[in-house]
Number of protein chains: 2
Amino acid sequence: MKQIEWKAWLEKNRGSAVKLLQKLIQERSTQGKESSAQAIVIEACREIGLEIDIWEPDAKEMSTHRNFVSVREHFHDSPNVVAIWKGTGGGRSIILNGHIDVVPEGDILQWESDPFEGKVKDGKVYGRGSTDMKGGNVSLLLAINALKSTGVKLKGDVIFQSVIEEESGGAGTLAAILRGYTADAVLIPEPTNMKIFPKQQGSMWFRLKVKGKSAHGGTRYEGVSSIEKSVIVLEKVKELETLRNNRVSDPLYKGIPIPLPINIGKIEGGSWPSSVPDLVVLEGRIGVGPEEKLDDVKQEFADCLHALKEVDSWFERHPVELEWFGAQWVPGTVEVGHPFVKLIEGAYQEVAQKPAILEASPWGTDGGLFTQLCDIPTVVFGPGTTEVAHYPNEYISIDEMMKAAEIVAIILMNWCEIAE
Amino acid sequence: MKQIEWKAWLEKNRGSAVKLLQKLIQERSTQGKESSAQAIVIEACREIGLEIDIWEPDAKEMSTHRNFVSVREHFHDSPNVVAIWKGTGGGRSIILNGHIDVVPEGDILQWESDPFEGKVKDGKVYGRGSTDMKGGNVSLLLAINALKSTGVKLKGDVIFQSVIEEESGGAGTLAAILRGYTADAVLIPEPTNMKIFPKQQGSMWFRLKVKGKSAHGGTRYEGVSSIEKSVIVLEKVKELETLRNNRVSDPLYKGIPIPLPINIGKIEGGSWPSSVPDLVVLEGRIGVGPEEKLDDVKQEFADCLHALKEVDSWFERHPVELEWFGAQWVPGTVEVGHPFVKLIEGAYQEVAQKPAILEASPWGTDGGLFTQLCDIPTVVFGPGTTEVAHYPNEYISIDEMMKAAEIVAIILMNWCEIAE
């Protein structure tokens, strides 16, 4: 009976769900600018009637924690939001965790419409953050709202978290953990194309400084171009990527072209068209396998750069500088046979009418913090299209977002148990 | 008799010449910040007793001129200075042209001392602009001062010019030409290692936009890295450089490893370590042979980029954008047998006691404007070490600067003629 009621509620509220997502997209919540999007989240949680905890994480206090990574010195005006739906007691609790921050929009010319408009077209909502992961967050709020509004009562607590800083290292989730929030399981609805990711790839940001020797461009043969030397570095890093990926045998990575990518995301060098550039700075991210240790990966990367001198003697006296900076996501893993994973598989099958696909995530999430720091079984599963995350013309299918809400509602009822 | 007097004057004033150069170096006259260095020049010209003309070039007025190239919209606070030593009449006039602007210092860590200190060590003055070309400018002022102070009178006018904007396209010299300054010959003491350059390479700045397709770094195989595509572009541009240089047969370029270099001076792309970069911007300069036409070189470069689609089909739908921006120096040439060239060769031999070396310049100068717009025979010859121009730890030999002053004095007396 209840079953039918909450499902009908979801169908009825499809329009307002889309509006909520649009409002969230319209607040351009790139790093440091999360507060207005969080205000929308807070308003939605208030309407549902959840207990709300809002705080600005204390960067100074967290700075000594070994998993604290952020380029920021403070989080003023960047609040975390946690909203609790208290259970009646005796059931298993769950954290529903989503991040509110989005990556920058990139080259605006590649967008067909304003990335912060939230345009609806052909059953999709477009915009930066639609898929990664404001759509997933809306699914979570919808699921809670549907159950609560139709009178469903759960035994276990449901702890909804809207965190900052996921895109640059997880300081928001770390802050929530340090504030004492814990549960028997964590679900993170990052855009997985509705696949279930029991394993999450970790990742780390690195900065490489490639040296050259300046000279007048008209006598460029008197200098050494750091851009030309960077080409050699790029090749070497690609070799390392191949080497690392050839070692991956986990069946969860089957069919993924590059399970553990090394991405060079930024390049900058030189200051004058007529001068030979003497410095190039490269920034990128390296994927860390679910069972790998961050330190081992760091060592392997350093060794690779060290070997550059065998390719080009320039690097003997001018070694590439390696720095680990900014974001870092620890990898996470939960056994494929864990009851929480099985329960999600079941909920998916019930709604989608087909078996769930299990994979390992191609990117880091905040999941690793929950598994590694708190030993909480954590699964990443959500609506949204992996391929358009961080892309121009990012979108989410409204159907998929609604379906995810339905699956989350079933997960909540089955994990936390219905209190009669 | 006079001969001995002016030479003795030069020897006596070696210390104050070094001090003048130091003062000029200490005023960091990078683009847009030339006025305080020009103030030192003006003071020196006043002390010599020259007629001084100071004005801020009118960018708006010049903007329609086909040889006007500048990224600047105005030259407020960036004055040109022209100082005239009027002849008694009947002699040939000469323009002595030097630029006051310097390129930025580059990576400060590669400098052994402050680039704007003007440190003196082992007979050299160090600092940005010492060689390119404040040392040459001091030689000019010394030569004039030595002759004038010791009572030498010349028949022809000597027109000393301290111009802005040479390092970014010659708007300063263009402004001096448009103001009406002309003469029977031009000498530009750019750092030639005391070689004589009757031919000057032209050059142009270009900007290339290399496209990619953004994606999350963790699924980088879904995107197209503009950094990886840039590597292909860099290779192609290097091929063009080889092709162009294989055509050079002018004996003045003998022994020069790359007569007409294409230099990539700047690279910038991507905005986030975890995203696949969708745009890389490259900036550089291409050398233009003394007899080449700018438009022909532009066409050849465009054709080269157009051919990229044969290397990689990506470029078919995403062609590299080419833009000619900022600086542009027209090439210049005067016959090797011209009397003015011969006269400089003679003056050099008289002072250096060895034959002069004639070459073609590896870089653009303002000389091209004088030859192409006004048909004035123009020679580039000066003290200073070509190899350290635009380098860290740039320096000039004090001996060489003083020797150049001596040679310039002889050139003035022989070209403009002594009035008895």
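A quick note: this is a predicted structure, and the numbers were derived from the prediction, not measured.

So, how was this worked out
- Residues numbered from 1 in each chain as written.
- Chains lettered and ligands numbered in written order.
- Predicted model: local features only at pLDDT ≥ 70, side-chain atom pairs only at ≥ 80, totals over all residues.
- Helix = DSSP H or I, 4+ residues; strand = E, 2+ residues; numbered from the N terminus.
- Expected span 1.5 Å × (residues − 1).
- Buried ≥ 20, exposed ≤ 12 C-beta atoms within 10 Å, placed from the backbone.
- Domains from an automatic or database assignment.
- Contact = placed C-beta atoms within 7 Å.
- Nonpolar A, V, L, I, M, F, W, Y, C, P; charged D, E, K, R; others polar.
- Pairing = 2+ DSSP bridges.
- Axes fitted to C-alpha atoms, helices over the stretch in contact; angles between N-to-C directions.
- Parallel < 35°, antiparallel > 145°, perpendicular 65-115°, else oblique.
- Left-handed = near helix turned anticlockwise from the far one by under 90°.

## Points about helix H13 (residues 398-416) of chain B
Piece 1. Over its 19 residues, H13 of chain B extends 27 Å from the first C-alpha to the last, a length consistent with the 27 Å expected when each residue adds 1.5 Å.
Piece 2. When you tally the buried positions in H13 of chain B, you get 14 out of 19 residues, the bulk of the element.

## Considerations on the domain arrangement of chain A
Residue and element names in this part refer to chain A.
Piece 1. Here chain A is described as being made up of domain 1 (2-200 + 331-416) and domain 2 (202-329).
Piece 2. On the domain 2 side, the residues contacting the 18 residues of domain 1 number 15 residues.
Piece 3. Mapped onto the side of domain 1 that touches domain 2, the elements with two or more residues apiece are strand S8 (196-200), strand S13 (332-333) and strand S14 (358-361).
Piece 4. With three residues, S14 is the single largest residue contributor to the side of domain 1 that touches domain 2.
Piece 5. Residues of the side of domain 1 that touches domain 2, tallied by class, amount to seven nonpolar, nine polar and two charged.

## A short note on the pairing of strand S8 (residues 196-200) of chain B
Within a regular strand, the side chains alternate between the two sheet faces.
All names here are of chain B.
Piece 1. In terms of burial, S8 is largely enclosed, as five of its five residues are buried.
Piece 2. Sheet analysis places S8 next to strand S15 (residues 378-381), joined by two bridges and oriented antiparallel. Residue pairing for S15: Phe-197 is matched across the bridge by Val-380.
Piece 3. Bridge analysis of S8 against strand S14 (residues 358-361) gives three bridges, and the strand direction is parallel. The partner of Lys-199 across the bridge, within S14, is Ala-360.
Piece 4. Examined bridge by bridge, S8 and strand S13 (residues 332-333) share two bridges and lie antiparallel to one another.

## Considerations on the sheet that holds strand S10 (residues 262-269) of chain A
Piece 1. The sheet built from eight strands is open, its strands ordered S12(A)-S9(A)-S11(A)-S10(A)-S10(B)-S11(B)-S9(B)-S12(B) with antiparallel pairing. At either margin of the open sheet sits one strand with a lone partner, and together these are strand S12 (321-329) of chain A together with strand S12 (321-329) of chain B. Taken over all neighbouring pairs, the strand axes of this sheet differ in orientation by 25° on average, direction set aside.
Piece 2. Pairing geometry for S10 of chain A and strand S10 (residues 262-269) of chain B, over three bridges, is antiparallel. Note that in S10 of chain B the partner of Gly-269 of chain A across the bridge is Ile-267 of chain B.
Piece 3. Its contacts with the sheet place helix H7 (residues 226-246) of chain A against strand S9 (202-211), S10 and strand S11 (279-288) of chain A together with S10 of chain B, and it is angled at close to 170° to S10 of chain A.

## Let's talk about the packing of helix H2 (residues 14-26) of chain B against helix H5 (residues 130-149) of chain B
Residue and element names in this part refer to chain B.
Piece 1. Two elements in contact, H2 and H5, have axes separated by 10 Å at closest approach and are oriented at 140°. Viewed along their axes, H2 and H5 adopt a mutual orientation that is oblique. Remark: the crossing between H2 and H5 carries right-handed chirality. Counting all contacts with H2, which are made through Ala-17, Leu-20, Leu-21, Leu-24 and Ile-25, the residues of H5 involved are Ser-130, Lys-134, Gly-135, Val-138 and Leu-142.

## Digging into the environment of Pro-189 of chain B
Residues and elements named next belong to chain B.
Piece 1. Mapped onto the fold, Pro-189 is located in the loop between strand S7 (186-188) and S8.
Piece 2. Accessibility expressed as a C-beta count within 10 Å gives 28 for Pro-189, which makes it buried.
Piece 3. When the C-alpha positions of Pro-189 and Lys-342 are compared, they lie 16 Å apart, and in sequence the two are 153 residues distant.
Piece 4. Those residues in contact with Pro-189 that lie beyond four places of it in its chain are Gly-98, Met-133, Gly-136, Ser-139, Leu-140, Phe-381, Gly-382, Pro-383 and Ala-404.

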